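# Descriptive analysis of the structure
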Amino acid sequence: MKSALQHVVKCNLEKENITDPIVLPLADCIISAGLLDVVCKDHDTYIRYLRKFSRLLKPGGHLILFAAYGTTYITVGKEKFHALTYDEEFVRKALSGEGFVIDNIEVKERTAVCDLLDYKAITYIVAHKEK
Ligand SMILES: C[S@@+](CC[C@H](N)C(=O)[O-])C[C@H]1O[C@@H](n2cnc3c(N)ncnc32)[C@H](O)[C@@H]1O
């Protein structure tokens, strides 16, 4: 995969163009792993950021999300940080509300015993932007 990389660019989801000052061509696929859950302060922000992903995708382009349901906090070092708590019903509504069609959702219930974070399940979601 490393040899296929052409560029590494900074991304700030708060910017209108999240890769500003670089304008990327529309993408076939966006993968977001463990990102929205920790950077979104509330459900409206999550939906707003999904909208930004959608704007970066070609019609029919795919969005792949690796995320967790039911997290309320995450620990880094000795600091405890907020995490966005949501469930499958929320993410289904959020995706379809932003024009995505869900292709597949896999959920793996938590088995780990650890208090560094309190997620209930991990989810892998594949969706595509409606044409
Ligand atoms: C839990 S990490 C995600 C890890 C990453 N997906 C990986 O697999 O290494 C959360 C990331 O969100 C980034 N972040 C925080 N605020 C952001 C924002 N407004 N826009 C984009 N990324 C942000 C942080 O810099 C951090 O790297």
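Everything quoted here is computed from the prediction, not taken from an experiment. (Residues numbered from 1 in each chain as written. Predicted model: local features only at pLDDT ≥ 70, side-chain atom pairs only at ≥ 80, totals over all residues. Heavy atoms only, no water.)

## Some thoughts on the site of the ligand
Close to the ligand lie Cys11, Asn12, Leu13, Ala33, Gly34, Leu35, Val38 and Val39, which account for all nearby residues. Separating a nitrogen atom of the ligand from a backbone N or O atom of Leu13 is a distance of 2.8 Å. Backbone polar atom of Ala33 to a nitrogen atom of the ligand: 2.6 Å apart, as the coordinates give it. Protein coverage of the free-state accessible area of the ligand, which is 600 Å², stands at 41%. Here the residues of the shell around the ligand are counted per class, giving six nonpolar, two polar and no charged. (Near = heavy atom within 4 Å. Polar contact = N/O pair within 3.5 Å; in protein donor to acceptor, adjacent residues only side chain to side chain. Areas by Shrake-Rupley, 256 points an atom, 1.4 Å probe, with all protein chains shown as cover. Nonpolar A, V, L, I, M, F, W, Y, C, P; charged D, E, K, R; others polar.)

## Section: the nonpolar core
Counting 26 residues, the largest nonpolar core has Leu36, Tyr46, Leu50 and Leu63 as its most contacted members. Residue assignment for this core shows that the elements contributing at least two residues are α2 (43–56), β2 (57–69), α3 (88–97), β5 (100–109) and β6 (121–129). When neighbours within four sequence positions are excluded, Leu63 is seen to be in contact with Ile30, Leu50, Phe53, Leu57, Leu95, Phe100, Ile125, Val126 and Ala127. (Core = buried A, V, L, I, M, F, W, Y, C linked by side-chain atoms within 4.5 Å. Buried < 20%, exposed > 50% of the residue type's maximum accessible area, 1.4 Å probe, protein only. Helix = DSSP H or I, 4+ residues; strand = E, 2+ residues; numbered from the N terminus. Contact = heavy atoms within 4.5 Å.)

## Digging into the packing of α2 against α3
For the pair α2 and α3, the least separation of the axes is 9 Å and the interaxial angle reads 40 degrees. By the angle class used here, α2 and α3 are oblique. Like other packed secondary-structure pairs, α2 and α3 cross with a definite hand, here right-handed. Mapping the contact onto sequence places His43, Tyr46, Ile47 and Leu50 in α2 and Phe90, Val91, Ala94 and Leu95 in α3. Grouping the constituent residues of the contact of α2 with α3 by class yields seven nonpolar, one polar and no charged. (Axes fitted to C-alpha atoms, helices over the stretch in contact; angles between N-to-C directions. Parallel < 35°, antiparallel > 145°, perpendicular 65-115°, else oblique. Left-handed = near helix turned anticlockwise from the far one by under 90°.)

## A few points about the packing of aromatic side chains
If you walk through the whole model with that rule in mind, you get five aromatic pairs. With 5.6 Å between their ring centres and 80 degrees between their planes, Phe66 and Tyr124 make a pair best called edge-to-face. Here Phe66, found in strand β2, pairs with Tyr124, found in strand β6; they are 58 residues apart in sequence, far enough to count as distant. Taking the relative accessible area as the measure of exposure, Phe66 reaches 34% and is therefore partly exposed. By relative accessible area, Tyr124 is classed as partly exposed at 36%. Counting every residue linked through ring pairs, the aromatic cluster contains Tyr46, Tyr69, Tyr86 and Phe90. One cation-aromatic arrangement involves Lys80 over Tyr73; the distance from NZ or CZ to the ring centre is 4.2 Å. (Phe/Tyr/Trp six-rings, centres within 6.5 Å; stacked < 30°, edge-to-face > 60°. Lys NZ or Arg CZ within 6 Å of the ring centre and 35° of its normal.)

## Considerations on the side chain of Asp118
Residue placement: Asp118 occurs in the loop between β5 and β6. The buried charged residue Asp118 lacks any salt bridge, with Lys120 as its nearest oppositely charged partner at 4.3 Å. Among the polar contacts listed, one links the side chain of Asp118 to the side chain of Thr72, at a separation of 2.4 Å. Side-chain polar atoms of Asp118 contact the backbone nitrogen of Tyr73, separated by 3.2 Å. Sequence-distant contacts of Asp118, defined by excluding residues within four places in its chain, comprise Gly70, Thr71, Thr72, Tyr73 and Arg110. (Lys, Arg positive; Asp, Glu negative; His and termini not counted. Salt bridge = Lys/Arg side-chain N within 4 Å of Asp/Glu carboxyl O.)

Honestly, it's all geometry; don't read function into it.
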